[in-house]
Amino acid sequence: MREFIFGTDWGEDCDDVVALRVISRFHKAGKARLLGVCSNTCVQHSAGSIYGFFANEGIDGIPVGVDKDCAHFVMEARYQERLAKYAPDKTNDDAEHSVRLYRKLIAEAKGKVEIMEVGFLHSLAKALLSEGDDISPKTGM
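Note that the coordinates shown come from a computational prediction; the quantities given were computed from them, not determined experimentally.

(A) Spotlight on the sheet that holds strand S3 (residues 64-66). Read from one edge of the open sheet, five strands run S4-S3-S2-S1-S5, paired in parallel fashion. Lying at the two open borders of the sheet, with one neighbouring strand each, are strand S4 (96-97) and strand S5 (114-118). Here helix H1 (residues 15-28) sits on the sheet and contacts strand S1 (3-8), strand S2 (33-39) and S5; the angle it forms with S2, its principal contact strand, is near 160 degrees.

(B) Up close: the layout of surface pockets. Approximately 310 Å³ is the volume found for the largest pocket. Lining the largest pocket are 13 residues, and of these Arg-103, Ile-106, Ala-107, Thr-139 and Gly-140 lie nearest its centre. Only helix H4 (98-108) and helix H5 (122-128) provide two or more residues apiece to the lining of the largest pocket. By residue number, the principal contributor to the lining of the largest pocket is H4, which donates four residues.

(C) Broad picture of the nonpolar core. One finds Trp-10, Leu-20, Leu-34, Val-37 and Phe-54 to be the most contacted residues of the largest nonpolar core, which totals 25 residues. Taken together, the elements giving at least two residues each to this core come down to S1, H1, S2, helix H2 (46-57) and S3. Looking at this core, the element that brings in the most residues is H2, giving five residues. Excluding residues within four positions of it along the chain, Val-37 makes contact with Phe-6, Thr-8, Leu-20, Ile-50, Phe-54, Ile-62, Pro-63, Val-64, Gly-65 and Leu-101. Core analysis: the second largest hydrophobic core is formed by nine residues, Ile-5, Leu-35, Leu-101 and Leu-105 among them.

(D) Spotlight on the packing of H1 against H2. Packing of H1 against H2 leaves a shortest axis separation of 11 Å and a crossing angle of 45 degrees. Between H1 and H2, the angle falls in the class oblique. Our pair here, H1 against H2, has a crossing hand that is right-handed. Listed contacts from H2 to Val-17, Leu-20, Arg-21, Ser-24, Arg-25 and Lys-28 of H1 are Phe-53, Phe-54 and Glu-57. Class assignment for the residues of the contact of H1 with H2 results in four nonpolar, one polar and four charged.

(E) Structural context of the packing of aromatic side chains. Considering all chains together, one arrives at three aromatic pairs under this definition. Taken together, a centroid distance of 6.0 Å and an interplanar angle of 85 degrees make the contact between Trp-10 and Phe-53 edge-to-face. Remark: Phe-53 occurs in helix H2 and Trp-10 occurs in the loop between S1 and H1; sequence separation between them is 43 residues. For Phe-53, a relative accessible area of 2% translates into the label buried.

(F) Structural context of the pairing of S2. Counting buried positions along S2 gives six out of seven residues, so the element sits mostly inside the fold. Relative to S2, S1 is paired through six bridges, and the arrangement is parallel. Across the sheet, the residue bridging to Gly-7 is Cys-38, located in S2. Regarding topology, H1 serves as the crossover connection from S1 to the parallel S2, and that connection is right-handed. In the sheet, S2 pairs with S3 via three bridges, with the strands oriented parallel. Bridge pairing links Cys-38 to Gly-65 in S3. What joins S2 to S3 is H2, and the crossover it makes is right-handed.

Reading the values: the criteria
Sequence positions are assigned chain by chain, starting from 1 and proceeding in written order. Totals for whole chains, interfaces and linings use every residue, but because this is a predicted model, local features are given only for residues with pLDDT of at least 70 and side-chain atom pairs only at 80 or more, for both listing and counting. Remark: hydrogens and water are excluded; side-chain values derive from all non-hydrogen atoms of the structure. Strand pairing requires that DSSP identify at least two bridges connecting the strands. A run of DSSP states H or I qualifies as a helix once it reaches four residues; a run of E qualifies as a strand once it reaches two. Both are numbered from the N-terminal end. Contacts: residue pairs with any heavy atoms within 4.5 Å of one another. With axes taken as lines fitted to C-alpha atoms, and helix axes fitted only over the stretch in contact, angles between N-to-C directions fall between 0 and 180 degrees. Here a cavity denotes grid points, spaced 1 Å and computed from the protein atoms alone, that fit a 1.4 Å probe unable to get out, and a pocket denotes an open set having protein on both sides within 12 Å along at least 5 of 7 lines; residues with an atom within 4 Å of a point are the lining. Grid points are joined across faces, edges and corners, and a volume is the space filled by probe spheres set on the points. Definition of nonpolar core: a set of buried residues of the types Ala, Val, Leu, Ile, Met, Phe, Trp, Tyr and Cys, connected through side-chain atoms within 4.5 Å. Here's how the labels work: a residue is buried when its accessible area is under 20% of the maximum for its type, exposed when over 50%, partly exposed in between, all with a 1.4 Å probe on protein chains only. Angle categories are assigned with fixed cut-offs, so that under 35 degrees is roughly parallel, over 145 is roughly antiparallel, 65 to 115 is roughly perpendicular, and the rest are oblique. In a left-handed crossing the near helix is turned counterclockwise from the far helix by less than a right angle, and in a right-handed crossing that turn is clockwise. Amino acid classes used here: Ala, Val, Leu, Ile, Met, Phe, Trp, Tyr, Cys and Pro are nonpolar; Asp, Glu, Lys and Arg are charged; the rest, including Gly, are polar. A pair of Phe, Tyr and Trp rings is counted when the ring centres sit within 6.5 Å of each other, with Trp represented by its six-membered ring. The angle between the planes then sorts it: under 30 degrees is stacked, over 60 is edge-to-face, the rest tilted. We call a crossover right-handed when, viewed with both strands directed away from the observer, the connection leading from the first strand over the helix to the second proceeds clockwise.

Pasting the structure below:
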């Protein structure tokens, strides 16, 4: 079964929601496995809205990461506050840093992991440039 990490600039337009909906449906149908979502943006409801999306889809246990270094990212978060209401107990504090989550998911994978990125690539680039750490002695490359 193909395993995916979904990278996203979640928040300003619909391409991210549509892509996550497609991969979520494949995940629920057992045709793919979504390992996690890494948002390379971090505004007030970033993590809460992704968790809310999953709650609305009836999906549990997908880890979420946000790039907490991008806390001042300028965007109009058009749908995040509404989606966050489906997971009112989840905030950005409940999410790992996106680079750490990329490293963790890849280190724990038993085989190939495909990365589907919609939007900016800076979190993925930071993961690729990362050094060994407590998760894995391997570099991001």
